[in-house]
Structure formats: structure tokens, C-alpha cells
Amino acid sequence: MKKLLLSSMIAIIGLTGYAQDSAPENTATKEPSRLNYNVTLTTSHLWRGLIINPSMTVMGDIHYALDKKQNFSVGVWGGNGFDGKYTEVDYYVQYKHKGLTIGLWDLFNTTNVVHPEVFNYDKNTTTHLIDLRTSYRFSEKFPLRVEADIILYGNDKELTANLDYKNRYSTYVELGYPLIKNEQITLDAYMGAGFSLDGRSNLYLTDPNSNFGIVNTGLKASKNITVLQYKLPVFAGIMWNPAEKYTRMQLGVSLF
């Protein structure tokens, strides 16, 4: 299985590199394409300190820019596990300008859901999560990245004393900074915390009575390697979750 996977990756990389090298250059069109997509392979899918899928995962993202400056975009992000157990399809709208990014995501992870209903947004039964994502990266002289995300609606509930469910508004805040950045490699360090704005617990902690915890810390190294005359972005990272007391190593490659 490992030999087959390795052979398939090399074949895909080779075909992608050949297609890019042999494609005729369109000099008449100076405006970049508004439609774009990318595909990534990782040894696992980690998200805000959570292990979403512990095994090999393929992730794809297709998005379309709504304006000429490509500040506004809409897109679809999807992930599938090689073992067939993990499946997810997310929809989003996003605004990006310089260091600022603001996005509204509809997360639909159907893993272990017996009867997933893609159009079910009932507050009591939906399995969707509506996630507001914001981040800002400062100047090159001080490249600190600040991220703040809030689950606004969906399957992020807490049972009250009146036997009713209320939204916890689980929130995730992260700080990231590149420790090393040169032409060969980039090494980023990050630390993230999870808490709820209205509840005793939150999405990122298993303890039903814990409202705050450092859930995501780690290092991530990124660089380009050359395979069949094609530059391939690869990354390797180590993640620690102090609150839940586990760690994971992750390797990945962006195919295109």
C-alpha cells in the first residue's frame, strides 16, 4: 500500500510538472485567473489542536474571486481520509486585503454521522458549524500573526439547567510568529487557546466543566523541494495540546 501511494504521488507530481512546463503561455491575458484550486496530502488532519483525522488525508480547495483585485472570494473546501472514515465539505466566503483576512465558513463534517443532512440547519439537530474566522498579519519587520475565530451557530451546544440547548460560542485565539525565514526554509511557532463566550465548556476541550485551555502549540517547517524539475512545497510540523495532554507529528505536500 505504501509503495502504491508513493508511486501514485510521484506520477501525479510528474504529470503536474509536465503540464505546467508544456502549457503554452498566454501573453494576451495579463489579468490572473479568478478561478483557482489546490490539493494537499497530509499524514493526518489537525485543526486548532483537534485531531480531525489521524490517518492519511487528501484536501482540496476551489475558490473564485468576485472582484478584479481578488479581495472577495467564495469557495469550497473538502477533505477525505484514505481509510474512508473521514469526510468533510465546507463552504466559505472570504475577504482578504494586505494582512487582514475575514471569512465566514460553513463546516460540514459527516464523520460518524449516521444520516448526514446537508441542508439541515435546525438549531437542535444540525451537524453544521458556522465559523467566523479573522486573522491579521503585521508588517514584514514584525510578522506576528493574530487569529480569532468564533463558532456562531450549529452543533456547538450546551445543555442548560432547563434541559434546553444553548450556543456556547466556542472561541479560538492563536498567535503565530516565524522564527526562521529565508530562501531555503521557514519555521513558524504558534500557540492557541480555546474557550467559550457563553458556557461552562467549549468545542476544543473534552472536560464538560472546563472553559479555558491552551489547546494548540507547535512548530511548522516549510520549504520547496525539486522533484522531476518541479518545485514542490512540503511541510513538517509537531503539535502539542497541553490541555488534552497529547502530541502529533504531521507531514504534508501541496501538489498544486
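That block above? That's the structure.
Residues numbered from 1 in each chain as written. Predicted model: local features only at pLDDT ≥ 70, side-chain atom pairs only at ≥ 80, totals over all residues. Heavy atoms only, no water.

Asker: Which parts of the structure should I look at to understand the overall build of the protein chain?
Answerer: Regarding its fold elements, the protein chain presents 1 helix and 16 strands. When the 256 residues of the protein chain are sorted by exposure, 37% land in the buried category. Put simply, 46% of the contacts in the protein chain that link residues at least 6 apart link residues at least 24 apart. Taken as a whole, the protein chain presents about 15700 Å² of accessible surface, with 61% of it coming from carbon and sulfur. (Helix = DSSP H or I, 4+ residues; strand = E, 2+ residues; numbered from the N terminus. Buried < 20%, exposed > 50% of the residue type's maximum accessible area, 1.4 Å probe, protein only. Contact = heavy atoms within 4.5 Å. Areas by Shrake-Rupley, 256 points an atom, 1.4 Å probe, with all protein chains shown as cover.)

Asker: How should the pattern of salt bridges be read in this particular structure?
Answerer: Once the charged atoms of two side chains with opposite charge are near each other, the side chains can pair. In this structure the tally under the stated criterion is 8 salt bridges. In this structure, Arg48 engages Asp131 in a salt bridge whose closest nitrogen and oxygen atoms are separated by 2.6 Å. Of this pair, Arg48 sits in the loop between β2 (45–47) and β3 (50–53) while Asp131 sits in strand β8 (residues 129–137), placing them 83 residues apart in sequence. When the shortest N-O distance is used, the salt bridge between Lys166 and Asp198 registers 3.3 Å. Within this pair, whereas Lys166 is found in strand β11 (residues 165–167), its partner Asp198 is found in the loop between β13 (186–196) and β14 (212–227), the two being separated by 32 residues in sequence. Assessed through its relative accessible area of 29%, Lys166 is described here as partly exposed. Since its relative accessible area comes to 34%, Asp198 is described here as partly exposed. (Salt bridge = Lys/Arg side-chain N within 4 Å of Asp/Glu carboxyl O.)

Asker: How do you make sense of the pairing of strand β12 (residues 170–181) when you look at a structure like this?
Answerer: Consecutive side chains along a regular strand alternate between the two faces of the sheet. Two strands pair when backbone bridges link them, and strand β9 (residues 145–154) and β12 are joined in this way by 6 bridges, in the antiparallel orientation. Looking across to β12, one finds that Ile150 is bridged to Thr171. Sheet topology places β12 next to β13; 11 bridges connect them, and they run antiparallel. Bridging from a neighbouring strand, Tyr172 pairs with Gly194 of β13. Where β12 folds back on β13, the antiparallel hairpin that results is connected by 4 residues. (Pairing = 2+ DSSP bridges.)

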